[in-house]
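# Tertiary structure, described
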Amino acid sequence: MGPWERRVAIVPEDVSKLTSRHIRLLIQSGAGEGSFFPDSQYASTGVEIIKERNEVILLSDVLVMLGRPTEEDVNTARQGTVFVGMIMPSLNHDLANLIAVKKLVAHSLELLPRTSRAQSMDVLSSQSSVAGYRAAVVGAFHSPRIMPMLSTAAGTIRPAKVLVIGAGVAGLMAISTARRMGASVTAYDVRKAAGEDVRSLGANFLELGIDAVGTGGYARELSADEKEKERMLLEEAIVNSDLIITTAGVPGKKAPLIITRRMVGIMKGGSVIVDITAESGGNCELTRAGDTLEYHGVKVIGLSNAQSEAQVNASQMYSRNMLSFLSVLISADGIIVDPNKDELLKSTLVRPQSPISSGRG
Ligand code: NAD
């Protein structure tokens, strides 16, 4: 993960749930510091603190992490070691191939199916909710306006206009957070079904006449014509918004480009765009991951560390997701389960990849 990563994969309060199942736990010294869980808290629950990362890797049968192992981790690990994290093999081909060459096993939890059995392990949902919340808070902080309507002796201030693009897990959280702050919220998603969720949160849903549902309930990538239509029809809402939060994504693909440089150029000065898809390319043409830039008075914030800025709760949720997954991966008598014996294990297996070919438009 990036240098800004402050989360930890297992929090001290969850340790006993693993040790009670006869799992011996090791942690790299200082891994919890960024989330305010010092080594002493882990040590007091019986976790062995190991100084060097390489040593943790060599001593462990299963390695639980936030993101993905480094190339060095993979080269260090013993044959048969199991990595669990968010490895994103479709974006990290070389790493996926190296894992296979080294005869290691890796489970990437963003590959879990969105089924009720997998819900408690759903890292995408837990971490996206935090990102959606942070996006609304960061956007309000950077806006030169207040979010709610105010009626005072000095006149009436209208509520800020917030547009949320992409109404999945993160988008819905951004909508409810912005609504709680008193903003007037409008949202758009290419899945028509998202309209019901949006309205139930008291926001308006934009109907653009596009319904693009793909497999597993996710959105599919739009055709070139649909993309053009989307940009054209969204332009009015984009230009009239005080704060835009973009969360639109299609699994395994670069984030769709929705807000062009030209559109940013005609937005009102003082408007803010918070793009939580920055790490996968961004929904705004000007987005730079981890950076904030200003273009014609509009701030474009490429939010790439949203979860790490709410790291205490993001770690707690991630840790619960991991416990749930480990309860499937490791049997009650401490044996690592054959991935082919369980559909959740099988679905998360990182497999070798062919060379990258991802487009963008
Ligand atoms: P995501 O992060 O992949 O995408 C975010 C949103 O962007 C999605 O709602 C998607 O429809 C939308 N989007 C994609 N392209 C777009 C475009 N060009 N313009 C506008 N919006 C666009 O998705 P997610 O938040 O992980 O969730 C996606 C789906 O999975 C939803 O249907 C959600 O309800 C479902 N889900 C199910 C479960 C479960 O059953 N356990 C858990 C979580 C999510």
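Here, the structure is the one placed above.
Here's a quick rundown of the structure. (Residues numbered from 1 in each chain as written. Predicted model: local features only at pLDDT ≥ 70, side-chain atom pairs only at ≥ 80, totals over all residues. Heavy atoms only, no water.)

### A few points about the overall build of the protein
Check the secondary structure of the protein and you find twelve helices and 14 strands. For 361 residues, the compact-globule formula gives about 21 Å, and the C-alpha radius of gyration of the protein, at 22 Å, lands near that figure. Counting only C-alpha atoms, the protein reaches 65 × 50 × 35 Å along its principal axes. Residues classed as buried in the protein amount to 50% of the 361 residues present. In the protein, of all internal contacts separated by at least 6 residues, the share reaching a separation of at least 24 is 61%. Taken as a whole, the protein presents about 16700 Å² of accessible surface, with 52% of it coming from carbon and sulfur. Put simply, the protein has 38 plus and 38 minus side-chain charges, and the middle of one group is 3 Å from the middle of the other. (Helix = DSSP H or I, 4+ residues; strand = E, 2+ residues; numbered from the N terminus. Rg over C-alpha atoms; globule rule 2.2 N^0.38 Å. Buried < 20%, exposed > 50% of the residue type's maximum accessible area, 1.4 Å probe, protein only. Contact = heavy atoms within 4.5 Å. Areas by Shrake-Rupley, 256 points an atom, 1.4 Å probe, with all protein chains shown as cover. Lys, Arg positive; Asp, Glu negative; His and termini not counted. Charge placed at Lys NZ, Arg CZ, Asp CG, Glu CD.)

### Observations concerning the sheet that holds strand 12 (residues 272-275)
Ordered by their spatial adjacency, seven strands build an open sheet running 10-9-8-11-12-14-13, and the pairing between neighbours is mixed. Lying at the two open borders of the sheet, with one neighbouring strand each, are strand 10 (204-205) and strand 13 (292-295). Sheet topology note: the strand 13/strand 14 (residues 298-302) ladder contains four bridges and is antiparallel. Counted as the bridge partner of Tyr 295 is Val 298 from strand 14. The strands touched by helix 9 (residues 224-239) within the sheet are strand 8 (161-165), strand 9 (184-188) and strand 11 (243-246), with strand 8 carrying the most contacts at an inclination of about 155°. (Pairing = 2+ DSSP bridges. Axes fitted to C-alpha atoms, helices over the stretch in contact; angles between N-to-C directions.)

### Observations concerning a nonpolar patch on the surface
Taken together, Ile 146, Leu 150 and Ile 157 make up a surface patch of nonpolar side chains, about 230 Å² in accessible area. If you trace the backbone, Leu 150 turns up in strand 6 (residues 150-152). On the accessibility criterion, Leu 150 (36% relative accessible area) is partly exposed. (Patch = residues over 30% accessible without salt bridge, like charges linked within 9 Å, V, L, I, M, F, W, Y side chains within 5 Å. Salt bridge = Lys/Arg side-chain N within 4 Å of Asp/Glu carboxyl O.)

### A word on the nonpolar core
Counting 32 residues, the largest nonpolar core has Val 84 and Leu 329 as its most contacted members. Of all the elements in the fold, those that place two or more residues in this core are helix 1 (15-19), strand 4 (82-85), helix 11 (311-329) and helix 12 (343-348). In terms of residue count, helix 11 provides more of this core than any other element does, seven residues in total. (Core = buried A, V, L, I, M, F, W, Y, C linked by side-chain atoms within 4.5 Å.)

### Re the site of the ligand
Around the ligand, the surrounding shell holds 23 residues, and the nearest of these are Arg 114, Val 169, Asp 189, Arg 191 and Glu 230. Between the ligand and the protein, one listed contact pairs an oxygen atom with a side-chain N or O atom of Arg 114 at 2.9 Å. The contact in question runs from a nitrogen atom of the ligand to an N or O atom on the side chain of Gln 119, over 3.5 Å. By residue class, the composition of the shell around the ligand is eleven nonpolar, seven polar and five charged. (Near = heavy atom within 4 Å. Polar contact = N/O pair within 3.5 Å; in protein donor to acceptor, adjacent residues only side chain to side chain. Nonpolar A, V, L, I, M, F, W, Y, C, P; charged D, E, K, R; others polar.)

### Some details on the sheet that holds strand 4
Taking strand neighbours across the sheet as the criterion, the three strands line up as 3-4-5 in an open arrangement whose pairing is parallel. A strand with exactly one partner marks an edge of an open sheet, and here the two such strands are strand 3 (62-64) and strand 5 (105-108). Taking each pair of neighbouring strands and ignoring which way they run, the sheet shows an average axis angle of 15°. With four bridges connecting them, strand 4 and strand 5 associate as parallel partners. Bridge assignment links Val 82 to a residue of strand 5, and that residue is Val 105. Across the sheet, helix 11 touches strand 3, strand 4 and strand 5, and the angle it forms with strand 4 is around 145°.

### A short note on the pattern of salt bridges
Using the criterion set out here, one finds 21 salt bridges in the structure. Residue Asp 73 pairs with Arg 53 through a salt bridge whose shortest N-O separation is 2.6 Å. With Asp 73 in helix 4 (residues 71-76) and Arg 53 in helix 3 (residues 53-59), this pair connects stretches of sequence that are 20 residues apart. Note on Arg 53: relative accessible area 35%, which makes it partly exposed. Salt-bridge contacts for Lys 227 lead to Glu 221; the nearest nitrogen and oxygen are separated by 3.8 Å. Judged by its relative accessible area of 14%, Lys 227 is buried.

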